[in-house]
Amino acid sequence: MTTTELIDLLNELTAHPAESEWIEFKTKKHGVADDQIGEYISAMSNGATIKNKPFGYLIFGVEDKTHAITGTDFIFAQAKHGGNEDLVLFLHVNLQPKISFEVFEFDYQGKHIILLQIPAAKGEPLNFQKKPYIRIGSNKTDLRNFPGHMRTIYNSQEDWSAKIVENATLADLDPEAIAVARIKYKQLNTTKPFYSEIDDWDDLQFLDRAKVTINGKITRTAILLLGKEESTHYLLPSVAELTWKLDMEDKSYEHFSTPFILSTTKLMQRIRNIKYKFFPDNELLATTVDKYDTRSILEALHNCIAHQNYSLSSRVLVTEQVDKLIFTNAGNFFEGNPDDYSFGKKTPSKYRNPWLATAMVNLEMIDRLGYGIHSLCVSQMKRFFPMPDYDLSQPNEVTLRIYGQTIDENYSKTLIQRGDLNLSEVVLLDRVQKHLEITDKAVEDLKKKKLIEGRKPNFFIGAKISQSTGQKAEYSRNKAFEKQQYLEWILKSIKEHGSLNRQDIDKLLWNILPAWMSDEQKKNRIMNLIQELSKSGKIANKGTRSTPQWFLS
């Protein structure tokens with residue numbers, strides 16, 4: 001915008017009788033922390049959507065009550081966060097999903113003004129540091145406390161996947177892909193009254209009925225799922241590409257373009273799906289399973305396609321490592337969190353790409369009811385592998401890991417031997433083997449069933465399981481001796497050798513302390529034992545404080 005346009009905009013905004021959900025005035029930067037600026041950007045973006053405005057505004061140099069233009073000594077372009085990071089970069093990194101707000105600095109009648117123009121949130125709230133904000137009255141607060149506003153923002157979504165591709169025709173779609181789509185559609189609708197008519201439909205009639213095209217017009221969904229490779233130019237700058245990457249001692253990669261209904265199977269065939277053998281204790285025959293469940297691979301890949309944020313111009317990436325497959329797609333986790341879906345009890349009420357998701361359901365590529373994650377968990381449990389897990393730590397990126405190798409062999413042996421464990425218990429034991437936190441209630445339940453032992457946060461497999469799976473040695477390594485036994489060993493060793501220094505006592509006890517203890521915990525434990533013997537008068541230090549030499553008193 002030109003300076004004249006900015007001045008006109010400022011006059012228009014200050015003419016409003018008061019600040020609102022989408023307009024915030026500040027006189028100076030002093031007293032406004034960097035984090036608060038991020039929160040205001042979130043609040044103004046979300047508020048603009050609530051009030052049906054294209055932009056929200058945060059302005060420095062205007063008095064909030066009188067709207068008098070005072071100017072500010074704040075220079076946004078030179079501002080640093082934490083002393084060395086650009087403030088603009090700090091804000092962009094912590095805003096999710098990615099948003100392109102603009103910062104304008106200009107003079108108004110000799111007074112310096114900073115105006116942030118912030119696009120309205122579309123389809124999902126704008127978060128700052130994983131929390132959405134809204135202005136209610138004069139207060140900036142958590143948007144999640146206002147479910148009506150949350151629904152308004154989610155319902156504001158523009159469906160990228162339903163847009164008509166101008167100039168595209170049926171000739172831009174792949175005939176083989178259309179044939180496969182028709183077979184899939186027939187398999188899904190064997191009980192429908194129109195089943196016998198499907199073969200008589202022409203291609204455009206079929207694609208309309210399957211909700212791939214709209215009134216005979218080619219959609220972006222049609223290009224993604226059924227389009228010829230050369231038709232992807234219609235989607236630019238969005239990227240329609242899947243990439244398989246081999247990240248082992250051998251390195252390789254391959255890109256797969258449209259039609260996705262065919263190319264997902266081609267990508268899956270590049271994955272080295274060998275047989276994996278478990279050797280349970282007290283059994284002569286090994287238990288053999290596939291390293292990966294092919295249905296799970298396609299389930300994960302199809303979900304990446306359905307939930308990809310195509311406006312971010314990124315490809316779906318499948319990385320194959322020695323022990324796992326890593327699926328990465330652009331965009332945050334759209335509704336709820338992955339744990340909500342693990343047990344198959346939650347049904348998503350919305351999708352990022354509704355038209356694409358509907359078409360993929362009709363072509364048997366994904367499940368409408370949200371059973372995808374649940375199916376992955378059940379498949380891993382049946383094959384004795386660790387549960388799949390999600391990484392949402394990166395902005396605008398969802399990463400799914402499916403394991404094809406054990407993390408803790410005792411976990412797999414437990415699943416083989418204990419066929420009575422339900423999915424909830426397996427998920428909790430999986431968190432234990434991955435050294436992830438579990439709730440106190442979960443700890444109580446698992447200990448009551450003698451599935452785990454140990455002290456928070458260092459839990460390990462319990463005695464009952466250890467005895468049933470031949471893991472007695474592992475259990476003994478984790479189980480602590482009584483304190484009196486440690487004290488007696490120290491006294492007996494001093495009596496045998498005349499004296500011991502701290503290094504001697506460490507060597508004496510180190511390997512018989514519980515295996516779950518860290519080095520620091522073991523050092524503290526030994527120090528406490530020595531102090532207890534010293535305070536009780538059973539041993540005495542005849543060396544120095546820094547180099548003690550312990551004798552029997």
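Above: the structure in question.
*Asks:* I'd like a description of the packing of aromatic side chains, backed by residues and values.
*Replies:* Here the structure, examined in full by the defined rule, presents 11 aromatic pairs. Ring centres 6.0 Å apart and planes at 75 degrees place the aromatic pair Phe90 and Phe128 in the edge-to-face group. Within this pair, whereas Phe90 is found in helix α3 (residues 87-94), its partner Phe128 is found in strand β8 (residues 127-128), the two being separated by 38 residues in sequence. Neither residue differs from the other here; Phe90 and Phe128 are each classed as buried. Between Tyr185 and Phe206 the ring centres are 5.6 Å apart and the planes differ by 75 degrees, which places this aromatic pair in the edge-to-face class. Within this pair, whereas Tyr185 is found in helix α5 (residues 175-188), its partner Phe206 is found in helix α6 (residues 203-209), the two being separated by 21 residues in sequence. When sorted by exposure, Tyr185 lands in the same class as Phe206, which is buried. For the cation-ring pair, Arg209 lies above Phe194, with the distance from its terminal atom to the ring centre recorded as 4.9 Å. Between the NZ or CZ atom of Lys542 and the centre of the ring of Phe551, over which it lies, the distance is 4.9 Å.

*Asks:* A description of α3 should follow, citing residues and the corresponding values.
*Replies:* Along α3, the residues classified as buried are Leu87, Phe90, Leu91 and Asn94. For α3, the buried positions fall inside an angular range of 95 degrees around the axis, keeping them on one side. Taken together, the buried residues of α3 touch α2 (34-50), β3 (80-81), β4 (85-86), β5 (95-96) and β8.

*Asks:* Go over the packing of helix α9 (residues 294-307) against helix α11 (residues 372-382), please, and point to the residues and values.
*Replies:* At their nearest, the axes of α9 and α11 sit 10 Å apart, and the two run at 155 degrees to each other. With respect to α11, the axis of α9 lies roughly antiparallel. When the axes of α9 and α11 are compared, the crossing they make is left-handed. For the pair α9 and α11, contact is made by Ser296, Glu299 and Asn303 and by Gly372, Leu376 and Ser379, respectively. Classifying every residue of the contact of α9 with α11 gives 1 nonpolar, 4 polar and 1 charged.

*Asks:* Please give an account of the pairing of strand β11 (residues 242-247) that cites residues and values.
*Replies:* When β11 meets strand β12 (residues 251-256), the two strands line up antiparallel, connected through 6 bridges. By the bridge assignment, Lys245 is partnered in β12 with Tyr253.

*Asks:* Any details on the nonpolar core? Residues and values, ideally.
*Replies:* In this structure, Phe206, Leu225, Leu226, Phe327 and Leu363 are the most contacted members of the largest nonpolar core, which totals 58 residues. Among the elements that make up this core, the one with the highest residue count is α9 (6 residues). With 26 residues, the next largest nonpolar core counts Tyr276, Met387, Val426 and Leu429 among its residues.

*Asks:* An account of the pattern of salt bridges is requested, with residue identities and associated values reported.
*Replies:* Two side chains carrying opposite charge are able to pair once their charged atoms lie near each other. Counted under the stated rule, the structure contains 18 salt bridges. Between Glu21 and Lys51 there is a salt bridge whose closest N-O contact spans 4.0 Å. You can see Glu21 sitting in the loop between α1 (3-14) and β1 (23-26) and its partner Lys51 sitting in the loop between α2 and β2 (55-60), a full 30 residues away along the chain. Assessed through its relative accessible area of 22%, Glu21 is described here as partly exposed. The class for Lys51 is partly exposed, based on a relative accessible area of 41%. Here Arg144 makes a salt bridge to Asp142, at a shortest N to O gap of 2.8 Å. The structure contains a network of salt bridges with shared partners spanning Glu19, Glu24, Lys26 and Arg135.

*Asks:* Hey, could you go over the sheet that holds strand β6 (residues 102-108) for me, with residue numbers and the actual values?
*Replies:* Strand pairing in a sheet relies on backbone hydrogen bonds, with the paired strands running either antiparallel or parallel. The 4 strands lie next to each other as β1-β2-β7-β6, forming an open sheet whose pairing is mixed. Lying at the two open borders of the sheet, with one neighbouring strand each, are β1 and β6. The mean angle between the axes of side-by-side strands here comes to 20 degrees, regardless of whether they run parallel or antiparallel. Sheet analysis places β2 next to strand β7 (residues 111-119), joined by 6 bridges and oriented antiparallel. Opposite Ile59, over in β7, you have Leu115 as the bridge partner. Where α1 meets the sheet, it contacts β1, β2, β6 and β7, and its direction lies at approximately 90 degrees from that of β6. Those strands touched by α2 are β1, β2 and β7, and its axis lies near 145 degrees from that of β2.

*Asks:* I'd like a description of the pairing of β7, backed by residues and values.
*Replies:* Among the 9 residues of β7, 7 are classified as buried, and the element is accordingly described as predominantly covered. With 7 bridges connecting them, β6 and β7 associate as antiparallel partners. Paired with Phe106 across the two strands is Ile113, which belongs to β7. Count of turn residues in the β6/β7 antiparallel hairpin: 2 residues, of which Gln109 carries a positive phi of about 50 degrees.

Conventions adopted
All residue numbers refer to position in the chain's written sequence, counted from 1. In keeping with the predicted nature of the model, local features appear solely for residues at pLDDT of at least 70, side-chain atom pairs appear and are counted solely at 80 or more, and the whole-chain, interface and lining totals rest on all residues. To obtain the side-chain values, all non-hydrogen atoms of the structure were included, while hydrogens and water were left out. Aromatic rings from Phe, Tyr and Trp, taking only the six-membered ring of Trp, are treated as a pair when their centres fall within 6.5 Å; an angle between ring planes under 30 degrees marks them as stacked, one over 60 as edge-to-face, and anything in between as tilted. What counts as a helix is a DSSP run of H or I of at least four residues, what counts as a strand is a run of E of at least two, and both are numbered from the N terminus. Three labels apply to residues, based on accessible area from a 1.4 Å probe with only protein chains included: buried if under 20% of the type maximum, exposed if over 50%, partly exposed otherwise in between. By definition, being over a ring means that NZ of Lys or CZ of Arg is both within 6 Å of the ring centre and within 35 degrees of the ring normal. Throughout, the arc means the angular range of directions from the helix axis out to the C-beta atoms. We call two residues contacting when some pair of their heavy atoms lies within 4.5 Å. Axis lines are fitted through C-alpha atoms, for helices just across the contact stretch, and the angle between N-to-C directions can take any value from 0 to 180 degrees. Each angle receives one of four descriptions, namely roughly parallel if under 35 degrees, roughly antiparallel if over 145, roughly perpendicular if within 65 to 115, and oblique otherwise. Here a crossing is called left-handed whenever its near helix is offset anticlockwise from the far helix by less than a right angle, and right-handed whenever the offset is clockwise. The nonpolar class holds Ala, Val, Leu, Ile, Met, Phe, Trp, Tyr, Cys and Pro. Asp, Glu, Lys and Arg form the charged class, and all remaining residues, Gly among them, are polar. When DSSP locates at least two bridges between a pair of strands, those strands are taken to pair. What is meant by a nonpolar core is a set of buried Ala, Val, Leu, Ile, Met, Phe, Trp, Tyr and Cys residues, joined one to another through side-chain atoms within 4.5 Å. In the sections that follow, a salt bridge refers to a side-chain nitrogen of Lys or Arg positioned within 4 Å of a carboxyl oxygen of Asp or Glu.

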